[in-house]
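Reading the structure
These are the residues of each chain, in order.
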Amino acid sequence: MSGMIDYLIVGLGNPGSRYERTRHNIGWIALDNFRSMHNAKEMTLSGDSLYQKINIAGKNIVIAKPMTFMNNSGEAVAQLMKKFSVDIERIIVLVDEYNLAVGKVHLKNQGSHSGHNGIKSLMYHLSSNKFYRLRLGIGNNFASGEMTEYVLSNFTCSEKEEVEIMARRASEALNSIISKGTATSMTLINSERLYRTDETKIKPE
């Protein structure tokens, strides 16, 4: 695959089996669903990230997982941005969001980090907030002072179905972004109209 990179899609999470199924790693869970949908092969380690290049609907895509811990995600993404000469508006970050119920998917551009250390790190190392965040709901069933323990806890058995649906919806959202662009897709994703039609789905190549 040659030519410019149309989108850099980054899943945020923490490396290691201890964190594999935690709420904080929903970005990785959703990204793996997307990779599986498109029969993507093994990822390559370069710098502080695992990444791979794939072509979807004629678009050149880089998919990546920072291998830094969440708090240092920005270092890895800055390396990828430089390596592939990607404009910041072409970066889509999959990230957990406790202000959304489990199963909800929401696309956002710019804005504050809202206390999320991964987004805070990206904003610092990229010197900008003008990247897109595909926010994936993890719920907020925690008491004051218990947020850290909550985001590092596993999803419950009763949430399994909602998590699977959310991962599929995130993949459909990425397909829509790739085929229709961010502006059109934001309306489709945030209104949930995207999930009531097959029009925006891309068949794996």
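In the block above lies the structure referred to throughout.
First, a word on scope: everything that follows refers to the structure included in this document. The shown structure was predicted, so the numbers you read here are calculated from the model rather than taken from an experiment. (Residues numbered from 1 in each chain as written. Predicted model: local features only at pLDDT ≥ 70, side-chain atom pairs only at ≥ 80, totals over all residues. Heavy atoms only, no water.)

**Section: the sheet that holds strand S5 (residues 91-97)**
Operational definition: Only strands joined by at least two bridges in the DSSP assignment are considered to pair. Runs of E in the DSSP output that reach at least two residues are strands. Runs of H or I that reach at least four are helices, and both are numbered from the N terminus. Lines are fitted to the C-alpha atoms to define the axes, a helix being fitted only along its stretch in contact, and any angle between axes, read from their N-to-C directions, falls within 0 to 180 degrees.
In spatial order, the strands read S2-S3-S4-S1-S5-S7-S6; together these seven strands make up an open sheet with mixed pairing. Each edge of the open sheet is held by one strand with a lone partner, namely strand S2 (44-46) and strand S6 (105-109). Going from strand to strand, the sheet's axes swing by 30° on average, the running direction of each strand aside. Sheet topology note: the strand S3 (residues 49-56)/strand S4 (residues 59-66) ladder contains eight bridges and is antiparallel.

**Re the packing of helix H5 (residues 160-180) against helix H6 (residues 182-190)**
As a reminder, the rule being used: Reported orientations rely on four angle classes, namely roughly parallel under 35 degrees, roughly antiparallel over 145, roughly perpendicular from 65 to 115, and oblique for the rest. Each crossing gets its handedness from the near helix: less than a right angle anticlockwise from the far helix is left-handed, clockwise is right-handed. It only takes one pair of heavy atoms within 4.5 Å for two residues to be counted as in contact. Residues were grouped as follows: Ala, Val, Leu, Ile, Met, Phe, Trp, Tyr, Cys and Pro as nonpolar; Asp, Glu, Lys and Arg as charged; and all remaining residues, including Gly, as polar.
At a minimum axis distance of 7 Å, the contact between H5 and H6 shows a crossing angle of 150°. With respect to their mutual orientation, H5 and H6 come out roughly antiparallel. Classified by chirality, the crossing of H6 by H5 is right-handed. Residue-level inspection shows Ala173, Ser176, Ile177 and Lys180 of H5 in contact with H6, the latter providing Thr182, Thr184, Ser185, Leu188 and Ile189. Split by residue class, the contact of H5 with H6 holds four nonpolar, four polar and one charged.

**As for the packing of aromatic side chains**
So the rule is basically this: In this scheme Phe, Tyr and Trp rings, the latter by its six-membered ring, pair at centre separations within 6.5 Å, and the angle between planes marks the pair as stacked below 30 degrees, edge-to-face above 60, and tilted otherwise. Per-residue accessibility, obtained with a 1.4 Å probe over protein chains only, is compared with the maximum for each type, and a residue is labelled buried under 20%, exposed over 50%, and partly exposed between these values.
Counting across every chain of the model gives four aromatic pairs. Summarising the aromatic geometry, the rings of Tyr51 and Phe84 are spaced 5.3 Å apart at their centres and angled 65° between planes, so their arrangement reads as edge-to-face. Pair noted here: Tyr51 is in strand S3 and Phe84 is in helix H2 (residues 73-84), with a separation of 33 residues, a long-range link. Residues Tyr51 and Phe84 agree in their burial class; the two are buried. A centroid spacing of 5.6 Å and a plane angle of 80° characterise the contact between Tyr98 and Phe142, whose relative ring orientation is edge-to-face.

**Observations regarding the environment of Thr182**
For clarity, the threshold we go by: What qualifies as a polar contact is a pair of N or O atoms within 3.5 Å, subject to a donor-acceptor requirement within protein and to the restriction that residues adjacent in sequence count only when both atoms come from side chains.
As for its position among the elements, Thr182 is in helix H6. As a C-alpha pair, Thr182 and Arg90 span 92 residues in sequence and 9.1 Å in three-dimensional space. Apart from the residues within four sequence positions on either side, Thr182 is in contact with Tyr7, Ile92, Leu107, Tyr132 and Ile177. Within polar-contact distance, the side chain of Thr182 engages the side chain of Tyr132 at 3.2 Å.

**With respect to H5**
Here is the rule we go by: To estimate the expected span of a helix, count its residues, drop one, and scale the result by 1.5 Å.
For H5, spanning 21 residues, the distance from its first C-alpha to its last is 30 Å, which sits close to the expected 30 Å at 1.5 Å a residue. Among the residues of H5, Val163, Met166, Ala167, Ala170, Ser171, Glu172, Ala173, Leu174, Asn175, Ser176, Ile177 and Ile178 are the ones counted as buried. Positioned one or two residues after H5, Gly181 has a phi angle of 90°, which is positive.

**Details of unusual backbone geometry**
Positive phi, normally seen in glycine, also occurs at Ala57, with a value near 55°. With respect to the helices and strands, Ala57 occurs in the loop between S3 and S4.

**What about the pairing of strand S7 (residues 132-137)?**
Taking burial as the measure, the six residues of S7 include six buried ones, the bulk of the element. Both faces of S7 are covered, namely the face carrying Tyr132, Leu134 and Leu136 and the face carrying Arg133, Arg135 and Gly137. For S5 and S7, the ladder comprises six bridges, and the chain directions are parallel. Following the sheet pairing, Ile92 is matched in S7 by Tyr132. Strand direction decides the pairing type here: S6 and S7, joined by five bridges, are antiparallel. Bridged to Lys108 within S7 is Arg133.

**Topic: the environment of Asn141**
Within the fold, Asn141 resides in the loop between S7 and helix H4 (147-151). Considered as a pair, Asn141 and Ala101 are 40 residues apart in the sequence and their alpha carbons are 9.6 Å apart.

**Brief notes about the nonpolar core**
The test is simple: By convention a nonpolar core is built from buried Ala, Val, Leu, Ile, Met, Phe, Trp, Tyr and Cys residues, the set being connected through side-chain atoms within 4.5 Å.
By size, the foremost hydrophobic cluster in this structure holds 36 residues, and its most contacted members are Ile9, Ile92, Leu94, Leu134 and Leu136. No other element matches the seven residues that H5 contributes to this core. Apart from residues lying up to four places away in sequence, Leu94 is in contact with Ile9, Val10, Gly11, Leu12, Gly27, Ala30, Leu31, Leu134, Leu136 and Leu174. Ranked by size, the runner-up nonpolar core spans 20 residues in total, among them Leu8, Met70, Ile91 and Leu126.

Take it as geometry only, folks, not as evidence of what the structure does.
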